[in-house]
Amino acid sequence: MTWLNLHPLTFLVFAPALLGFLLMALPHALGKLARMLGFLGALAIFVLSLSWLLGHAPDAGGLILAERASWFTLVGLPVDYALAVDGLNLWLVILTTFLVPLTMLGTWNSLKDRIGTFVAMFLLLETGMLGALVAQDLFVFYLFWEAMLIPMYFMIGVWGGDERRYAANKFFLYTLSGSLLWLVALLYLANKAGGFNPALMAQAASALPFSVQGWLFIAFAVAFAIKVPLFPLHTWLPDAHVQAPTAGSVILAGVLLKLGGYGFIRFAIPIFPQAAMHYAQPIALLSVIAIVYGALVAMVQRDIKKLVAYSSVSHMGFVMLGLASMTVIGTQGAMLQMLNHGISTGALFLLVGMLYDRAHTRMIADFGGVAVKMPIFTTFFLIVTLSSIGLPLTNGFVGEFWILNGTFVSGFPWGRLYACLATSGVLLGAVYMLWMFMRVFWGPENKDEDSGTHHLHTDLNAREIAVMLPLVVLIVWMGVHPKTFVAASEAPVTALLQGIKAPAPRPFVLKPAVHEAPAAHAPEAPAAHEVHR
Amino acid sequence: MSLTPSQWAALLPLLLPALGACLIPLMALDKDQASAKWIRGVMYGTALLAVVASFWYLTDLWRTGAQPSFFQLRMDRLAQFSGIFVVVAAALTILQSWDHFHQEGWVKGETLSLLLFSVTGMMLFTASTHFVTLFLGLELFSIPLYALVGTVRARPESAEGGMKYFLTGAVASSCFLMGGVLIYGLSGTLDLSAAAGVIKAQGLALDPLALTGAALLLLGFLFKVSAVPFHQWTPDAYEASPHPIAGFMSVATKGVAFIALLRIFPSSLAPLTAVGVKMQAVVAVLAVATLVLGNLTALVQSNVKRMLAYSSISHAGYLMLGFVAGTPAAHTGVLFYLVIYLAMNMGAFGLLTAFGLVGEKTTFEDLRGLGWKRPAMGFAAAVFMLSLAGIPPMGGFYGKYMIFRELVATGHVGMAILGVLASLVSAYYYLRFLVALFLQAPSAEAERLASDRPVVHAPLAGATVLVCAAIVLAGGFLQFALVDGFAKRALVEGLGLIR
């Protein structure tokens, strides 16, 4: 057990992949056994991650668990095998380990072919995501970031819908294009810094001319923005989401997109604080466009899954807006919104998948009066819909409120306008979600022989209810007591932003930021001497 | 001229394949060659024994750290590295060709003999800076390859490809010879490193003859690595050759040409400051052209072998970028890249044999759905293709990483951006391979044909594929061991480049 005590994160990250490779080696005929083993393994990882991560108090540096060892130099730059969980990634890690077994359970019977390989891909993907989340060395982060594409590519490409090959290739190449250019920036900075340690890189970056910093930041930002995805780099997302099997969509929305936002807060902003400040406003503008545009496009979709996909663009726009506000409350809102979106949109995709498994269609027009046939399903769908809209007392409200608040006080010349425009996104969200809900669930029952409603014979079974219940509990919990989920990131976020704001004059600012007390959720730590990491 | 035992030991790796090459035709004289399996078995066994023995002596040299240098030969670490590289490629080729030639129904001992001569030539080529030895090595490995390309005489396009390769190759060889003659004429010495010193001392570095000579020499190398614009032979020759031979050419020819260039370029060309700079510029321009043309043309191929040919052209481009950066770390990156490239390309060509694709049936269509039918081969294919595209955590990523890193460090950011964009383009056509294997169901036609044909058995080719996949994965996870223990030592101790 000593090895485990010394390398808990290594175990958490690589155990799924090991299990995945074992399952891959199982013969096809044992697919069902593989599915069961995969699920149990993922569940064990979830339980372990909960007990290890919530069981350890953070140390003085804010690290909950950490591992660091020198890995290799390859005739030049040292690469450290550095993994850590701290306040910034704690809940994202737990979200990942939580969603994987839950999704497996939720899509238990969705797939008929090659189940074992699918589960294996799923577990490999979990390794990729966890690795990227806990990596504290940019080279290691890059490895996981890229490696993640491979299982997702196969998940979309092999088990996806009719256009799966196109969607899988587009997903792979689109994401790769951003990360390859980012790699050049990374190498440039690593050569200057003499390594891939983010702290060293931040030092090296601050010594570079501002224009170079700007270009490097753009390279980082584009790679992360593609993953988020931020308008106008979002075009891969609808294809990937719609074509992916339910489990793929859930994980794509639930975790993969978060890595983009996480990349900003973990790497791009701390390494290039000046440049991040400089480009905050353009990013905020794009975020506002994403919010409104995503919502408008979602409104006219005829396919429920596509609607949810575009709603992701809109919701992730909120995340980027919160990060771009460069205020504590906005950033905290973005952190929470990332979790919210993982839960709500993940739940939506699961629900859409359950509907599709029964009706074999996802077209809104094919439904109507589903509420009569599937009352339990309808109840869950309604709760999740309301959470996605951001009804007070659900998780969506808190996150969006903080983000809008942060944008309002950000001090951008157009900050208040952005906040107002983004608020219209909330409104539009209510429009497209409720309109869709109305057409699918209410109204007269669609009696047409070919309609989706006609094929709905059974309501949710115990397994599906067991999947949805924890999600609903979380939706309410996060809405009523968000502090549980943002307390950990409070200190690092405050430290980060204070470090940025104190010394640097802000290029775009007309007047200094009005630093309002961020709602009543927690007292702000005002340590002015605190330097960012 | 008497050799000491240790010199014999250093010479044996070169002599053993040549000895094998002489023995095998004697067995092939037997008219029962085609019918008696045991004769074929003995021939293949002899060939395998020759390369394994050569490998044994090479690793023995490597282990003891001896770097004997006698006559014109320098069996230093770099030559040993190159020797190990070549015999491993040859061993994989021999194993794969057993299956492939049986599938084609054309098993001839001569092919083995030619292959072994080529192996000797390759080792000779990388073990000397003396021009005559270099040229001898070049011709000794090229001429058997010309014949090997056209070896399956039953197929008319095979002869055509062989002839094309021979004619263009002969021109390149004569250019190489002419370059050497010019340098000799200027300096009065046949040793290229010594010639550099003489030319510099006499202030002839800017002499047009020196420039022409260096350019012609470079042309010889660039032809062998199939850099644009000397690449035209590549797709035709690969398509015409038997799969294992195409794999061998793509790996070993390119590899030894780069290793020899590594020996010549920094020590002979670079010291001639003006010429060195010009040659560096030429390599830079051609690397760009190679990357762009190789990758874009590979996109539109429907035949897997032609795609792999253009892919091998584009990989020459990445390797040339290592020379553009020109730092010792970049050169180490080139050597590491070659090791991984050996595994992934021999593996990719081995797959064609393992899947039993014979003759012209090597289009993407013919691959459809095979990944699911042969999961182990499919897994290996995914490893090779992702590695060729440079996606971590495969070995291919680290080769590119080292080269691009040094490019950026030496200020060639634009070239690095071009390099990564080329990688992006390449990802598309490598994915096509995986799309065919996994994402497409077999066509009805293929299903019908498959039910008529007996199941393919290619155990040896399959085994080589798995070995290659293991090497590629090892390159991804134990990259430091390969770099520090193998590639770096070849450079540090062999050439004394890094201190």
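Look up a bit, the structure's there.
The numbering scheme is per chain: residues are counted from 1 as the chain's sequence reads. Lettering for chains starts from A, numbering for ligands starts from 1, and both go in the order in which the items are written. Note on the predicted model: pLDDT of at least 70 is required for a residue's local features to be given, and 80 or more for side-chain atom pairs to be given and counted; whole-chain, interface and lining totals, by contrast, use all residues. Hydrogens are left out, water is left out, and the side-chain values use all remaining heavy atoms of the structure.

S.K.: In this structure, what is going on with the packing of aromatic side chains? I would like to understand it.
M.R.: Between two aromatic rings, the relevant description is the distance of the centres plus the angle of the planes. Residues and elements named next belong to chain B. Ring pairs shown here join Phe, Tyr and Trp side chains whose ring centres sit within 6.5 Å, with only the six-membered ring taken for Trp; geometry is labelled stacked below 30 degrees between planes, edge-to-face above 60, and tilted in between. Scanning the entire structure with this criterion turns up 71 aromatic pairs over all chains. Taking 6.2 Å as the distance between ring centres and 20° as the angle between the ring planes, the aromatic pair formed by Phe397 and Tyr401 counts as stacked. Taken together, the residues Phe397 and Tyr401, both in helix 17 (residues 395-409) and 4 residues apart, mark about one turn of the helix. Side by side, Phe397 and Tyr401 carry an identical accessibility label, which is buried. Starting at the N terminus, helices and strands are each numbered in turn, a helix being any DSSP run of H or I of at least four residues and a strand any DSSP run of E of at least two. Using a 1.4 Å probe on the protein chains alone, a residue whose accessible area is under 20% of its type maximum counts as buried, one over 50% counts as exposed, and one in between counts as partly exposed.

S.K.: Help me understand the pairing of strand 2 (residues 79-86) of chain A in this model?
M.R.: Every other side chain in a regular strand lies on the same face of the sheet, so the side chains alternate between the two faces. Residues and elements named next belong to chain A. Most of strand 2 sits inside the fold, with 8 of its 8 residues counted as buried. Where strand 1 (residues 63-72) and strand 2 come together, 8 bridges link them in antiparallel fashion. Note on strand 2: the bridge partner recorded for Ser70 is Asp80. Paired strands, in this sense, are two strands between which DSSP finds at least two bridges. The hairpin formed by strand 1 and strand 2 contains 6 residues between the paired strands, and Leu74 there has a positive phi angle of roughly 50°.

S.K.: Explain helix 6 (residues 138-147) of chain A to me, please; I cannot follow it from the model alone.
M.R.: In an α-helix there are 3.6 residues to a turn, and that puts residues three or four apart on one side. Residue and element names in this part refer to chain A. Among the 10 residues of helix 6, 10 are classified as buried, and the element is accordingly described as predominantly covered. Of all the positions in helix 6, only Leu138, Phe139, Val140, Phe141, Tyr142, Leu143, Phe144, Trp145, Glu146 and Ala147 are classed as buried. Polar contact is defined as a pair of N or O atoms within 3.5 Å, subject to the rule that within protein one atom must be able to donate a hydrogen and the other to accept it, and that residues adjacent in sequence are counted only when both atoms are side-chain atoms. Here helix 6 starts with a cap whose side-chain oxygen sits 3.0 Å from the backbone nitrogen of Phe139, and that cap is Asp137.

S.K.: Would you mind going over the interface of chain B and chain A with me for this structure?
M.R.: The contact criterion used is simple: two residues touch if any of their non-hydrogen atoms lie within 4.5 Å. On the chain A side, the residues contacting the 39 residues of chain B number 39 residues. Two parts placed together each lose some accessible area under a 1.4 Å probe, and adding up what both lose gives the buried area. Together, the buried faces of chain B and chain A total about 3,400 Å²; carbon and sulfur atoms form 81% of this surface. When the buried area of chain B at its contact with chain A is split by residue, Trp372, Tyr401 and Leu439 of chain B rank highest and sum to 21% of it. Salt bridges, as used here, are contacts in which a Lys or Arg side-chain nitrogen is within 4 Å of a carboxyl oxygen on Asp or Glu. Taken together, chain B and chain A are joined by 0 salt bridges. Across the contact surface, chain B and chain A share 4 residue pairs in polar contact (both at pLDDT 80 or more).

S.K.: Teacher, can you tell me more about the side chain of Asn395 of chain A here?
M.R.: Residue and element names in this part refer to chain A. By secondary structure assignment, the location of Asn395 is in helix 18 (residues 395-408). Within the local environment of Asn395, its side chain forms a polar contact with the side chain of Ser387, the two groups lying 2.9 Å apart. Residue contacts for Asn395: discarding those within four places in its chain leaves Asn340, Ile343, Ser344, Ser387, Ile475, Met478 and Gly479.

S.K.: Hey, could you run me through unusual backbone geometry in this one?
M.R.: Among all residues except glycine, the phi angle is most often negative; among peptide bonds, the trans geometry is most common. Backbone torsion omega between Val228 of chain A and Pro229 of chain A reads -10°, so that peptide bond is classified as cis. Along the polypeptide, Pro229 of chain A turns up in the loop between helix 10 (210-227) and helix 11 (236-243). Pro392 of chain B connects to Pro393 of chain B through a cis peptide bond whose omega is 10°. You can see Pro393 of chain B is positioned in the loop between helix 16 (375-389) and helix 17. One non-glycine residue, Arg114 of chain A, adopts positive backbone phi at about 50°. Within the chain, Leu393 of chain A stands out as a residue other than glycine whose phi angle is a positive 80°. Position of Leu393 of chain A among the secondary structure elements: in the loop between helix 17 (375-389) and helix 18.

S.K.: Hey, could you run me through the pattern of salt bridges in this one?
M.R.: Opposite charge on two side chains allows them to pair when their charged atoms are near. Residue and element names in this part refer to chain B. Applying the stated criterion to the full structure yields 18 salt bridges over all chains. Between Asp60 and Arg63 there is a salt bridge whose closest N-O contact spans 2.9 Å. With Asp60 and Arg63 both in helix 2 (residues 37-64) and 3 residues apart, the pair spans about one turn of that helix. Given the relative accessible area of 26%, Asp60 is considered partly exposed.

S.K.: How should the layout of surface pockets be read in this particular structure?
M.R.: Any empty space left between the atoms is revealed when a probe the size of a water molecule rolls over them. The definitions used throughout rest on a 1 Å grid laid over the protein atoms alone, on which a cavity is an enclosed set of points accommodating a 1.4 Å probe that cannot get out and a pocket is an open set flanked by protein within 12 Å on both sides along at least five of seven lines; lining residues are those having an atom within 4 Å of a point. Grid points are joined across faces, edges and corners, and a volume is the space filled by probe spheres set on the points. Put simply, the largest pocket is a space of about 1,300 Å³. In terms of lining, the largest pocket is formed by 47 residues, of which the most central are Phe21, Met24 and Leu124 of chain A together with Phe379 and Met394 of chain B. Secondary-structure elements contributing two or more residues to the lining of the largest pocket are helix 2 (8-25), strand 1, helix 5 (115-134), helix 6 and helix 7 (149-159) of chain A together with helix 15 (370-373), helix 16 and helix 20 (459-477) of chain B. Only Asp, Glu, Lys and Arg are considered charged in this grouping, and only Ala, Val, Leu, Ile, Met, Phe, Trp, Tyr, Cys and Pro are considered nonpolar; every other residue, Gly among them, is considered polar. Considering only residue class, the lining of the largest pocket consists of 37 nonpolar, 10 polar and no charged.

S.K.: Would you mind going over the packing of helix 5 of chain A against helix 12 (residues 246-271) of chain A with me for this structure?
M.R.: All names here are of chain A. All axes here are fitted lines through C-alpha atoms, helices being fitted over the stretch that makes contact, and every angle between N-to-C directions spans 0 to 180 degrees. Where helix 5 contacts helix 12, the two axes come as close as 11 Å, and the packing angle between them is 15°. In terms of orientation, helix 5 and helix 12 fall into the roughly parallel class. Here helix 5 runs over helix 12; the crossing is left-handed. Residue-level inspection shows Phe118, Phe122, Leu125, Met129, Ala132 and Leu133 of helix 5 in contact with helix 12, the latter providing Ala247, Ile251, Val255, Leu256, Leu259 and Tyr262. In this scheme, roughly parallel covers angles under 35 degrees and roughly antiparallel covers those over 145, while 65 to 115 is roughly perpendicular and the rest are oblique. Note on convention: near helix rotated counterclockwise from far helix by under a right angle means a left-handed crossing. Clockwise means right-handed.

S.K.: For this particular structure, what's the right way to read the nonpolar core?
M.R.: As a rule of thumb, nonpolar side chains are buried together in soluble globular proteins. In this structure, Phe196 and Phe220 of chain A are the most contacted members of the largest nonpolar core, which totals 393 residues. When residues of this core are assigned to their parent elements, the largest contribution, 19 residues, is made by helix 13 (residues 328-354) of chain B. Contacts of Phe196 of chain A, omitting those with residues within four sequence positions, involve Leu77, Pro78, Val79, Asp137, Leu138, Phe139, Leu186, Leu187, Ala190 and Met201 of chain A together with Tyr401 of chain B. Residues belong to a common nonpolar core when they are buried Ala, Val, Leu, Ile, Met, Phe, Trp, Tyr or Cys residues joined through side-chain atoms within 4.5 Å.

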